[in-house]
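What the coordinates show
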Amino acid sequence: MLLRWKLTKMRETIQVGEDVQIYDLAVLLGEATKVSAGSPGYLTIVSPWISNVAYYLGSSGLTVGIPAIAFGRRDVVRLLDVIEYLQQDPRSQVRLATLKPSPNKYSGDVIQQVWELRFLLEACERGAKIYFYSSERDIRKIMHPKFLLTSLGVVFGSFNFTKSGRYWNIEDGNYSSTLSPVYFEKKERVEDIISKCKEATFDMLRSLLSEFERRT
Amino acid sequence: MSLESVKSKIEKLLLLLSAKLPEDISLVRVISKLSELHDSISRADLPAIRESSVELERVRKVEEVLSLIETRLKQRSPTYVDDFISVQPLLKYPAKIPGTLFESEKSRKVVVEVPGRKSPDQINVDEMMTMLFPGLLTFRYRKLRKVPVGRWSPFKYRVAPPVSAVFVTDRDRFDVQRDLLPSDYPAESSTISVHIPLELRLSEIGQDFVRREDQLEETDAEPIEAESNLYLELCTRCGAVQDGDETCACGRNFLVYAAPPKSYPLIWNIVDSKENEAISGDPVFGQIFSEVSFSANTTVKKILYGFERRFKANTWRIYYDTLYGDAFKADGVRFKVSRKIIEDLVKHISEKDSLLLRDLRILQYANELHRAIVRNKYDFTFSQSLLIAKALLVEALMHGTPKTVEDVDVIFETAKKQPQKLLDGLELLKKVSDIFVPLNEEELGHLLEICTSEASNVVKEDQSLHRFVLDVFAHSLKHYVLTSAMILLGVDERDLRSHHTQTEDQLFLYDNLPDGNGCCETLRKFAKVSFSKRVSAVRDALEKDTPVTLPSKDFFSILEEFLVGCKAERADSVYIKLTRDPQVATVIQASATDDKVRQNLLLRLKQDFAFDEYTISHLDALFRTESHFHVLKNLNDEDFFIFKLVPEALVLKLSENDKLRICPDTTVELDKAVLGKVQDALEMCVDGCPLCLYGSFCEMGIFLMKYFLSRRLVETCYKIVRDKFSVDVERLPRDKLLERSIEVLSSSKVLYLKASPTNLSLLMETAFSLLGQPVADSKVYIKMISFDLMRDGYVVKMEAD
């Protein structure tokens, strides 16, 4: 297949810019399609800053005509909607890895931190596994790569998984499908990052949220 | 003037008159009266008078309020419009609320003189046209009411419109050539004038239409016409019709009137455009339309040439001697139908779809037979012409269902040699329904000999089928295009109209307002919205914190979704498929009366096939209706179309046991009761049911259009186009898939990848490896992911944008 890939002169990575929202939606809905057909879903998001990003499905030009995917008929689809749908299959794996919450994570904006924790708590409630990265020795080292990895492809680049990162800023990135060797390199990298993270339990997230809510 | 000044004036007058008294003794009486008046004024209590006048003013105000309350109570639920029309005197005439509050200043207005009103109303030409034919709408000027349309003869197909009611001038008119009018319009000269109406006098329409019961009895009405009249009670005061569930509160006697048949105006369009600008196309519809263009210089001529009437399941088409209409310039969109696709379509159905070809041939015979009957001045209504075709079909269906064009040809060709077949067919029809043909056996034989020969000759002409397919295809496509545009724009047929030019294979959409109303301009903008435009629109909206103003689907996406088929059609197809499985069929039969069995069946279907709530609820309703099961189990999938045309034949073919199962509680006229159930069951949205394509202002007329529409033909065309761009992942070796997909995308900019559920992972792998790949100067995006158990399984549509 890889040989064929070269023969058809297809690109191993695709340049992604402002149209990152289209690639995100495509891979997320692709994963939901698999779940609707009885296969488990696979989604891993690595992003130092993360939020319940909204996707404007109604305005995107992408149509989902699969009756079982009820959220496919909505104008706005949020990441939590997708996570909830993927977790319908108990074999599905949804992982979210981000920087450990701290008062300084959002440049001292505690309210932003509270919003992030609320999203992570809700995702955890829906069955997603939450991972925090924190440097043990060198406190200046922070996790900075961004990946949206599914079983169909990976979107990677400078975009954070936030509204600013996905819609606002001028960013740069790439997309690779599972037929590209790049996909497997990135998958390995994602697994490496996850292995260096610590899984956050539901109780841990709840106590963190309480702590930051008190600070506000 | 104050009381004091009055007193001083009286005093002066008394002095003057006293001086004159010696000359005229009769002044004594005047002087005494003046003195009385002077004394009275002197005695007057001015503050009390002032107080009582204030009191009187108050009493008047209270009276006004009481009167207003009384009026409101009488009207029960007043609205703004009700208040507006409540000032009108009692009306006996058909009238309609003017739409001036919501209407553009630009539309041409017709002055409507309402009897008893001080000032006239103004309405647009379209409304004026419908006001000439009450019945389509419930007319109101005061309370909600129905209005009879009055005297009419089912056997007169050409009438003079109420000329005296419509005021026209020689200056406000335009001429049209006969060949630009509908082919069935009985024009008497090569050029015909169309008058632009300026004024409508309702009183004169009313007088034309008033028909009292005693007058009916006095008139020598044709017995057949009288027999076909159903009588309704009509209020002599407000004109309301009481038909069992409605009544007025006038408390007057009711007159018995002939029931109003429903009437629908026939409005023909002549549309042309200049200075066309091409609209950004779509790769799929680029195959169906050779050109799609916008023009701000679209000339529209609307002509009211008659009306169609429906009464007791009969329909009549009546033409007007005097033509009314309107002419204006507006924005329009022109769609040129590709000649190549017509060639491909005819070739495809000739070679691969003999059943569709058979059904089209039946429609062609029905239409041509009607034309021949009209040409030979039999004064038949369309439903009576159709009855002749139905009788021939019923007789033939008793011996077997036609499977090919040739089988259909044999049915109609042998009829002229064997008129007994028609008589037998009519006898069969009479067993299950009330039919009437105003000809005796000899005359029917004569009609068959002449008309079926003429119809056969036309049908057998070289290229005849080609022409018919083209006409039906273009007409059906016009309905698709109009409906899709209305969905996109959120407007109705009052704002946007359509026209199809038979000779030039062109379809038009135009703004139904002089100088345009923005519909076609918006349609041009949103005909095709690229991914890059959508990405920018979303980012801009978020940046400016405003809503995203792009429609979720562009025009071509809506049109394509429409072509793929509706949800009801899918659900009905599932039901038919389930009834074909003997094991499931037994459960379905039991589920009609056993709630538990039905719930279990629905749950299983939901789990096994992942049906959505709509489909499950639709199936639930079908399972509950036991008669559907007993009707449809006797019907082959490919025969739906024929039996929809002649449901009587299916009733005749049913066994007595089945009939009793379908109508278990009926003891008298079983066949007629069964016919009703059979018709209900055949209302299934399968086999190209065109119900959702029907429109109110189709140029062909509301009844005739049904016999000139083929959803299956358009769907077949779409399928031909789609197959060109489809790659079935199961049919290509894995290593050739990407190569072939890139080839298709490079040549056509669109690709449909399809697979059955078992190969979904391969389909997704292929689609997502193509995502974003460069093709010429474009990038490949996923446009649609869909699943349809009944058709292609999983489909991913990709477009190079």
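What you see is a predicted model; the values in this text were computed from it and never measured.

So, on to the overall build of chain A. Each helix and strand in chain A was counted, giving 8 helices and 11 strands. Here the C-alpha coordinates of chain A stretch approximately 55 × 40 × 35 Å along the principal axes. Buried residues in chain A amount to 47% of all 216 residues. Taking the intrachain contacts of chain A between residues at least 6 apart in sequence as the baseline, contacts between residues at least 24 apart amount to 74%.

Here the focus is the pairing of strand β15 (residues 496–501) of chain B. In regular strands, side chains alternate between the two faces of the sheet. Residues and elements named next belong to chain B. Extensive coverage of β15 is indicated by the burial of 5 of its 6 residues. Bridge count for β15 against strand β16 (residues 506–511) is 6 bridges, and the pairing is antiparallel. Each bridged residue has a counterpart across the sheet, and for Arg497 the counterpart in β16 is Tyr510.

Moving on: the interface of chain B and chain A. Taken together, the contact between chain B and chain A spans 38 residues of the former and 39 residues of the latter. Put simply, the parts of the chain that give the side of chain B that touches chain A at least two residues each are α18 (531–544), α30 (734–748), α31 (760–770) and β20 (778–788) of chain B. Each residue belonging to the side of chain B that touches chain A can be placed in one class, and the counts come to 23 nonpolar, 7 polar and 8 charged. Bridging between strand β4 (residues 63–65) of chain A and β20 of chain B involves 3 bridges; their strand directions are parallel. Bridging across to β20 of chain B, Thr63 of chain A finds its partner in Met784 of chain B.

Within the secondary structure, Glu213 of chain A sits in helix α8 (residues 202–215). A C-alpha to C-alpha distance of 32 Å links Glu213 of chain A and Tyr42 of chain A, two positions 171 residues apart in sequence.

Turning our attention to the confidence of the model for chain A. On average, residues of chain A carry a pLDDT of 88, and 93% of them reach 70 or more. The lowest-confidence element of chain A is helix α1 (residues 2–7) of chain A, averaging 51 in pLDDT; the highest-confidence one is strand β2 (residues 42–46) of chain A, averaging 95.

Here the focus is the sheet that holds strand β2 (residues 121–124) of chain B. All names here are of chain B. Strand order in the open sheet formed by 4 strands is β2-β1-β7-β4, with mixed pairing between adjacent strands. The open sheet has two edge strands with one neighbour each: β2 and β4 (166–167). Pairing of strand β1 (residues 109–113) with strand β7 (residues 199–201), which is carried by 3 bridges, proceeds in the parallel orientation. From the neighbouring strand, Val111 faces β7, where its bridge partner is Glu199.

The next subject is the nonpolar core. All names here are of chain B. In terms of nonpolar packing, the biggest core is built from 206 residues, with Leu392, Leu393, Leu509, Leu523, Ala767 and Met798 touching the most fellow members. Counting residues per element, this core draws most heavily on helix α16 (residues 464–489), at 12 residues. Built from parts of two domains, this core gets at least three residues from each of domain 3 (266–488 + 692–712) and domain 4 (725–800). If we ignore the near neighbours within four places in the chain, the residues touching Ala767 are Leu753, Ile782, Val796 and Met798. If you look at the next biggest cluster of nonpolar residues, it comprises 28 residues, including Met129, Leu304, Tyr324 and Phe703.

Here we come to the sheet that holds strand β1 (residues 14–16) of chain A. Residues and elements named next belong to chain A. Spatial ordering of the open sheet is given by β1-β10-β9-β8-β2-β6-β7-β11, a layout of 8 strands whose pairing is mixed. A strand with exactly one partner marks an edge of an open sheet, and here the two such strands are β1 and β11 (198–200). Within the sheet, the average angular offset between the axes of one strand and its neighbour, ignoring direction, is 20°. Bridging between strand β7 (residues 129–133) and β11 involves 3 bridges; their strand directions are antiparallel. Bridged to Phe132 within β11 is Lys198.

Domain boundaries in chain B define domain 1 (3–44), domain 2 (87–260), domain 3 (266–488 + 692–712) and domain 4 (725–800). Here the C-alpha centre of domain 4 of chain B lies 38 Å away from the C-alpha centre of domain 3 of chain B.

All names here are of chain B. The phi angle at Glu275 is positive, at roughly 50°, despite the residue not being glycine. Following the sequence through the fold, Glu275 ends up in the loop between β11 (262–274) and β12 (277–278). Phi is positive for Asp515, which is not a glycine, with a value near 70°. Inspection of the secondary structure puts Asp515 in the loop between β16 and α17 (519–525).

A low pLDDT means the predicted coordinates there should not be read in detail. With 80% of its residues at a pLDDT of at least 70, chain B reaches an overall mean of 79. Here residues 206–232 of chain B is a poorly scored stretch, pLDDT under 50, and it has 39 contacts once near neighbours within four places are set aside; other chains count.

This part is about α30 of chain B. Residue and element names in this part refer to chain B. With 15 residues, α30 extends 22 Å from end C-alpha to end C-alpha; this agrees with the ideal 21 Å at 1.5 Å per step. Taken residue by residue, α30 has Leu737, Leu738, Ser741 and Leu745 as its buried positions. In an axial view of α30, the angular spread of the buried residues amounts to 85°, which keeps them on one side of the axis. Remark: Lys749 follows α30 within two positions and exhibits a positive phi of approximately 70°.

This part is about the packing of helix α13 (residues 405–417) of chain B against helix α15 (residues 441–460) of chain B. Residue and element names in this part refer to chain B. Between α13 and α15, the least distance of the axes is 8 Å, while the angle of their chain directions is 150°. Overall, the two elements α13 and α15 adopt an arrangement that is roughly antiparallel. Crossing angle aside, the handedness with which α13 passes α15 is left-handed. Across the interface between the two elements, Phe412, Glu413, Ala415 and Lys416 from α13 touch Leu448, Glu449, Thr452, Ser453, Ala455 and Ser456 from α15.

The next point concerns the packing of helix α10 (residues 339–352) of chain B against helix α29 (residues 711–724) of chain B. Residues and elements named next belong to chain B. At a minimum axis separation of 10 Å, α10 and α29 run at an interaxial angle of 105°. Classified by the interaxial angle, the pair formed by α10 and α29 is roughly perpendicular. Of α29, the residues touching α10 (which contributes Ile341, Asp344, Leu345, His348 and Ile349) are Thr716, Cys717 and Ile720. Considered class by class, the residues forming the contact of α10 with α29 number 5 nonpolar, 2 polar and 1 charged.

Note on helix geometry: an α-helix contains 3.6 residues per turn, so any two residues three or four positions apart are oriented the same way. The end-to-end C-alpha separation of α29 of chain B is 20 Å, in line with the 20 Å expected for 14 residues at 1.5 Å each. Listed in full, the buried residues belonging to α29 of chain B are Arg711, Arg712, Leu713, Val714, Cys717, Tyr718, Val721 and Arg722 of chain B.

Our focus in this paragraph is the pairing of strand β6 (residues 93–99) of chain A. Residues and elements named next belong to chain A. Of all 7 residues in β6, 5 are buried, a share of seventy percent or more. The pairing of β6 with β7 spans 5 bridges and is classified as parallel. Among the inter-strand pairings, Arg95 is bridged to a residue of β7, identified as Lys129. Taking the sense of rotation as the criterion, the β-α-β connection linking β6, helix α5 (residues 110–125) and β7 turns out right-handed.

Let us now look at the environment of Glu188 of chain B. Mapping Glu188 of chain B onto the fold places it in the loop between β5 (173–177) and β6 (191–195). In this structure the C-alpha to C-alpha distance between Glu188 of chain B and Asp321 of chain B, which are 133 residues apart in sequence, comes to 9.2 Å.

What counts and what doesn't
Residues numbered from 1 in each chain as written. Chains lettered and ligands numbered in written order. Predicted model: local features only at pLDDT ≥ 70, side-chain atom pairs only at ≥ 80, totals over all residues. Helix = DSSP H or I, 4+ residues; strand = E, 2+ residues; numbered from the N terminus. Buried ≥ 20, exposed ≤ 12 C-beta atoms within 10 Å, placed from the backbone. Contact = placed C-beta atoms within 7 Å. Pairing = 2+ DSSP bridges. Nonpolar A, V, L, I, M, F, W, Y, C, P; charged D, E, K, R; others polar. pLDDT = per-residue confidence, 0-100. Core = buried A, V, L, I, M, F, W, Y, C linked by C-beta atoms within 7 Å. Domains from an automatic or database assignment. Axes fitted to C-alpha atoms, helices over the stretch in contact; angles between N-to-C directions. Expected span 1.5 Å × (residues − 1). Arc of directions from axis to C-beta. Parallel < 35°, antiparallel > 145°, perpendicular 65-115°, else oblique. Left-handed = near helix turned anticlockwise from the far one by under 90°. Right-handed = clockwise from strand over helix to strand, strands pointing away.

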